[in-house]
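Given next are the chains, with one letter for each unit.
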Amino acid sequence: MKKLLLFFLCVISMHAFSQKQKNKIEDKLSGLDTAFARVLKDWHTAGFAVAVVEKDKVVYAKGFGYRDYESKMPVTPNTLFAIGSCSKAFTASLLGLLNKDGKVDFDKPVREYLPELKFYNDEMNDHITLRDMMSHRTGLPRHDYSWYLFQSHSKDSLLQRIQYMEPSAGLREKWQYNNFMFMAQGMVAEKLTGKSWEENIREKIFQPLGMTNSDASLNEWIKAGEPAIGYDVKSDTIIKRMNYYDIAGMSPAGSINSSVSDMAKWVTTWIYGGKYMGKEILPSNYVSQAISSQMVTSGALPDKQSPDVYFSTYGFGWMMASYRGHYRVEHGGNIDGFSASTCFFPSDSIGIVVLCNQNSSPVPSVVRNLIADRMLGLKYRDWQTELKTRSDSAKAQAKRVEKGAISNRKPNTRPSHAIKDYEGAYSNPGYGTFNVELINDSLFITGITHTFWLRHYHYDVFTLFDKDPIDGIDTSDQSTQIQFNTNLNGDIENAAIALEPTLKPIVFTRTLKEKHIDTSSLKAYIGDYQLAAAPVKIKVYMKNDNKLYFFVEGQPEYELMPVDKDKFALKNMNGFTVRFNRNEKEEVIELLSIQPNGTFKATKRND
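**Brief notes about empty space enclosed by the protein**
In step 1: Under the criterion given, the structure shown has two cavities of 30 Å³ or more.
In step 2: Taken as a whole, the largest cavity encloses approximately 120 Å³ of empty space.
In step 3: In terms of lining residues, the largest cavity is bounded by 17 residues, among which Trp221, Tyr245, Ile247, Ser255 and Asn257 are the most central.
In step 4: Empty space within the second largest cavity amounts to approximately 50 Å³.
In step 5: At the level of elements, helix H3 (88-100), helix H8 (179-193) and helix H9 (197-209) are the ones that each hand at least two residues to the lining of the second largest cavity.
In step 6: Per element, the largest residue contribution to the lining of the second largest cavity is three residues, and it comes from H3.

Spelled out as structure tokens, the structure:
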């Protein structure tokens, strides 16, 4: 009887302790719903979701606002958001698993595992390791416009661009964020496992953690039960729907979509050194390295506003900082219409996930800090007012700077060519190809993810303005310009755009746009032509492929690509064109071979 009484007393005691702990958590988080309603209002946010983990329990999980603002569909803890670069810790973890199995060494040159990956120079080829790539210290700057504007769904094609990307620092010299390096890490995992990055993420992480409400592609996401729609804020107050951005080609750098309920399992795993519910998901040795400082991101002293927020380093897909005296591991994420923050405090066993359907939003940081202060028992700090004031002040300052800026525009200048002469396809092997087209009386850049209107600035420099398919041309940002350059013949040869701020402008070589000419019309150009200045014959002829060819004795044959009436470009030969002249009867009587070293006339022979 005594034993039975003792048992019941123990049960009552445990229940009382559990209830006390529950009440303690509720007290810590009391009033947050009101604070978050204010966040929604002040930042003009469509919606966000929050999950808070303490040790192995989710102590708070709620949605606020709307996942579909127009239809007023509410956000819940199971709503799927794009988590953007929070995906990087997942990708690096695949390499952590391969490292445990002895399949990769983080400190060996990465090309031992992925020889298809080539860098800008031999030093980079010979020495860049996976550790360098995982901690953003390869010397490569972002080069983000390469994948963002020149979209490709092929990892292989994006990998080939890297060899043409110029570094802006020496290897391990400084920290520079680079999405391509995480895309390449995903390809290392693909090469060594024989499975796609998406399959690896699903099998090695999602399934063992029971993350059944997560996926790694746009197609899966939009078919999910609760997909969020992304929004932007226009004119500081207008909530505007955005299109999804399909990041398929760069998926290892940022294509995961998840809910706060699922992401809570992910942060719990990290809090417990790689284990979830007692089962090892990630090797403990890898976890220790991943959340330890591998590279200093920037050197600076604490500021007066936040003297207890100091040091900033990077591990493997995670950022480390001291947050008010507590060791914080965190990574943000941004992609069109979505912002995210995944964070945990390993020494305090606390995790916080904030997912938001607002473009480039400060909301995840505001909400994360409000929760962290409560969970860590820190002195109250009004992060909402503080960060909103900073944001408004920064915007006002930017407007003052813009208003006070002195233009370097040279007035009363004109382009050096007729506007039509700027048309063509412009290519760079590290980026891709865009088209310059004359539409009505204006030039536009087309053929990439955004369309840009070109407004003349001075000489052969034009300003680029984003053209939204619904809202039209946005002239608020005048910071990006394109400069067209001519060759020795006086023709437009290339265009340069400052797409990477740490480097000189990226040069795109122009090729003339091919025009269709029917076979019967091409026959008018066929014949033998005699150079006026030398006894050299030029032959123009057709082959079975119904294309025109140009041949000079002692030289290779060249395919002639029609670009205008009676005008052809030598394919794959920049700066070389052929123009045919006709008589009053419209008969072809001569050709002009236009080359960098001069123009050569040849008369058509009638014999």
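Next comes the rest of the write-up.
**Focus: the sheet that holds strand E15 (residues 350-356)**
In step 1: In space, the nine strands of this open sheet follow the order E3-E2-E1-E15-E14-E13-E12-E11-E10, with antiparallel pairing throughout. A strand with exactly one partner marks an edge of an open sheet, and here the two such strands are strand E3 (73-74) and strand E10 (295-296).
In step 2: Pairing between strand E1 (residues 47-54) and strand E2 (residues 57-68): eight bridges, direction antiparallel. Its bridge partner being in E2, Gly47 is matched across the sheet by Gly65.

**Thoughts on the sheet that holds strand E29 (residues 567-570)**
In step 1: On the basis of which strands lie adjacent, the closed barrel formed by eight strands has the order E25-E26-E27-E28-E29-E30-E31-E32 and antiparallel pairing. For this sheet, the mean angle separating the axes of adjacent strands, direction not counted, is 30 degrees.
In step 2: Across three bridges, the pairing between strand E25 (residues 527-531) and strand E32 (residues 598-604) is antiparallel. Note on E32: the bridge partner recorded for Gln530 is Thr603.

**What about the pairing of strand E12 (residues 319-323)?**
Residues in a regular strand project their side chains so that they alternate between the two faces of the sheet.
In step 1: With four of five residues buried, E12 is to be regarded as a mostly interior element.
In step 2: Here strand E11 (residues 309-314) folds back onto E12 in antiparallel fashion, the turn holding four residues, of which Gly317 has a positive phi close to 75 degrees.
In step 3: Where E12 and strand E13 (residues 326-335) come together, five bridges link them in antiparallel fashion. In the strand pairing of E13, Ala321 is matched with Arg328.

**Observations regarding the packing of aromatic side chains**
In step 1: If you walk through the whole model with that rule in mind, you get 43 aromatic pairs.
In step 2: Ring centres 5.8 Å apart and planes at 90 degrees place the aromatic pair Trp147 and Tyr148 in the edge-to-face group.
In step 3: Classification of Tyr148 as buried rests on a relative accessible area of 16%.
In step 4: Taken together, the aromatic side chains of Phe90, Phe106, Phe206, Trp266, Trp270, Tyr286, Phe316, Trp318 and Phe344 make up a single cluster linked through ring pairs.
In step 5: In this arrangement the basic side chain of Lys72 is found over the ring face of Tyr66, its NZ or CZ atom lying 5.4 Å from the centre.
In step 6: Directly above the aromatic system of Phe182 lies the positively charged group of Lys88, at a separation of 5.7 Å from the ring centroid.

**Focus on unusual backbone geometry**
In step 1: Here Lys72, not a glycine, exhibits a phi torsion of approximately 55 degrees, which is positive.
In step 2: At Glu586, a position not held by glycine, the phi torsion is positive, near 70 degrees.
In step 3: With respect to the element layout, Glu586 can be found in the loop between strand E30 (577-582) and strand E31 (588-595).

**Observations concerning the confidence of the model for the chain**
In step 1: Across the chain, pLDDT averages 92, with 96% of residues at or above 70.
In step 2: A low-confidence stretch, residues 9-18 (pLDDT under 50), is modelled with zero contacts involving residues beyond four sequence positions or located in other chains.

**Here's the deal with the layout of surface pockets**
In step 1: Here the second largest pocket defines a volume of roughly 740 Å³.
In step 2: Those elements that place two or more of their residues in the lining of the second largest pocket are strand E23 (492-497), strand E24 (506-511), strand E28 (558-564), E29 and E30.
In step 3: Residue composition of the lining of the second largest pocket, grouped by class: nine nonpolar, nine polar and 12 charged.

Cut-offs used in this document
- Residues numbered from 1 in each chain as written.
- Predicted model: local features only at pLDDT ≥ 70, side-chain atom pairs only at ≥ 80, totals over all residues.
- Heavy atoms only, no water.
- 1 Å grid on protein atoms, 1.4 Å probe; cavity = no way out; pocket = protein on both sides within 12 Å on 5 of 7 lines; lining within 4 Å.
- Points joined across faces, edges and corners; volume = space filled by probe spheres on them.
- Helix = DSSP H or I, 4+ residues; strand = E, 2+ residues; numbered from the N terminus.
- Pairing = 2+ DSSP bridges.
- Axes fitted to C-alpha atoms, helices over the stretch in contact; angles between N-to-C directions.
- Buried < 20%, exposed > 50% of the residue type's maximum accessible area, 1.4 Å probe, protein only.
- Phe/Tyr/Trp six-rings, centres within 6.5 Å; stacked < 30°, edge-to-face > 60°.
- Lys NZ or Arg CZ within 6 Å of the ring centre and 35° of its normal.
- pLDDT = per-residue confidence, 0-100.
- Contact = heavy atoms within 4.5 Å.
- Nonpolar A, V, L, I, M, F, W, Y, C, P; charged D, E, K, R; others polar.

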